[in-house]
Amino acid sequence: MSRLNVSDEFKESIERLIGPMRGYALALTRSRSDADDLVQEALLRAWRFRVSYKPGTNLKAWLFQILRNVHYTETRRRRTTVQDVDGRFAAELTEDGYQHWRLEYFEILQAIQQLTPQLQEAILLIFAGDFSYEDIAAILDCPVGTAKSRVFRARRKLAEMIVDPTYSS
C-alpha cells in the first residue's frame, strides 16, 4: 500500500472544496463563466502558494480567503472598463420563468446586491460556504463578534426587503 504524500493529501482536500468555492464565486460574480475563471485563478494561487498553508489550520477558510482576494483584485481592475456595453451580461441573467424557485432565487440575489459590501460578504459566506462564525471572521479578517453582527444585520435587512420589495435603507 502506498502512502499519500503531503501534496496528494493537499490536492485531494482542495478538490473536495471546488464545489463550495464555485457556489461562492457564482454568488459573487453572477456569471458562470466568470465564476469558473475566479475559482480557477484562486486554485492556481492556492497551489502556487501551498507552502504558505499551515497544515492543521482551516483549509476551507484559507481557500475562500484567496478566492475573495482574487475577486477584489479583479473587481478593482474592471472599474476602469465600461460594463455590459453589448448587453452580454444582462442576457446571461434572463431565464424563462418556468420555475418558481428560480424567481425567488433571483429575488434574493437582487436583495443581496442592495446590501453594503460588508454585509454581502458575510451573508454570502453563510449561504455559499456554510462557514462557522469563526471561519467567517478569519476570512473577513475581523473579530468573531463583528462577523456575527454582519450576518445578523444582513439577514434582518434581507427579510425586510423580501417582505417589502419597496424597502430602501
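Refer to the structure presented above.
Position numbers for residues start from 1 in each chain and track the written sequence from start to end. For a predicted model such as this one, the threshold for reporting local features is a pLDDT of at least 70, and the threshold for listing and counting side-chain atom pairs is 80 or more; totals across whole chains, interfaces and linings nevertheless cover every residue. Only heavy atoms go into the side-chain values, all of them from the structure, while hydrogens and water stay out.

The term salt bridge refers to a side-chain nitrogen of Lys or Arg lying within 4 Å of a carboxyl oxygen of Asp or Glu. Evaluated as defined, the whole model comprises three salt bridges. For R22, the salt bridge is made with D36, and the minimal N-O distance between the two is 2.4 Å. Placement of the pair is R22 in helix 2 (residues 18–29) and D36 in helix 3 (residues 32–48), with a sequence separation of 14 residues. Buried, partly exposed and exposed residues are distinguished by accessible area as a fraction of the type maximum, computed with a 1.4 Å probe on protein chains only: under 20%, between the cut-offs, and over 50%, respectively. The exposure class assigned to R22 is partly exposed, which follows from its relative accessible area of 32%. On the basis of relative accessible area, D36 is assigned to the partly exposed category, the value being 35%. Across the salt bridge formed by E41 and R45, the nearest N and O atoms sit 2.9 Å from each other. A residue pair is termed a helical-turn pair when its members lie 3 or 4 positions apart in one helix, as E41 and R45 do in helix 3 at four residues. E41 gets classed as partly exposed once you look at its relative accessible area, which sits at 25%. Elements are defined by DSSP. Helices are runs of H or I of four residues or more, strands are runs of E of two residues or more, and each kind is numbered from the N terminus.

Attention now goes to the nonpolar core. For this analysis, a nonpolar core means a set of buried residues of the types Ala, Val, Leu, Ile, Met, Phe, Trp, Tyr and Cys, connected via side-chain atoms within 4.5 Å. Within the largest apolar cluster, 43 residues are counted, with the highest numbers of intra-cluster contacts made by M21, L59, W62, L63, L67, L125 and I136. Taken together, the elements giving at least two residues each to this core come down to helix 1 (6–16), helix 2, helix 3, helix 4 (59–78), helix 6 (100–113), helix 7 (117–129), helix 8 (133–140) and helix 9 (144–163). Filtering out sequence-adjacent residues up to four positions away, L59 remains in contact with F10, S13, I14, L17 and Y53. Two residues form a contact once any of their heavy atoms are found within 4.5 Å.

Here helix 9 spans 29 Å end to end across 20 residues, near enough to the 28 Å set by a 1.5 Å rise per residue. By the burial criterion, the buried members of helix 9 are A147, R150, V151, A154, L158 and M161. In a view along the axis of helix 9, the buried residues occupy a sector of 100°, so they form one face of it. Across helix 9 from its buried face, at more than 90 degrees, point the exposed residues F152 and V163. Here a helix's expected span is defined as the number of its residues, less one, multiplied by 1.5 Å. To obtain the arc, one takes the directions from the helix axis to the C-beta atoms.

A word on unusual backbone geometry. Although it is not a glycine, R30 sits at a positive phi angle of roughly 60°. Tracing the backbone shows R30 in the loop between helix 2 and helix 3. By relative accessible area, R30 is classed as partly exposed at 38%.

Moving on to a negative patch on the surface. Taken together, D8, E9, E12 and E15 make up a surface patch of like negative charges. For E9, a relative accessible area of 41% corresponds to the partly exposed category. Here the term patch refers to residues with relative accessible area over 30% and no salt bridge, with like charges joined within 9 Å and nonpolar side chains (Val, Leu, Ile, Met, Phe, Trp, Tyr) within 5 Å. Note that accessible areas follow from Shrake-Rupley with a 1.4 Å probe, and for residues the cover is restricted to the protein chains shown. A positive count includes Lys and Arg, and a negative count includes Asp and Glu. His and the chain ends are not counted in either. For this purpose, a charge sits on NZ of Lys, CZ of Arg, CG of Asp or CD of Glu.

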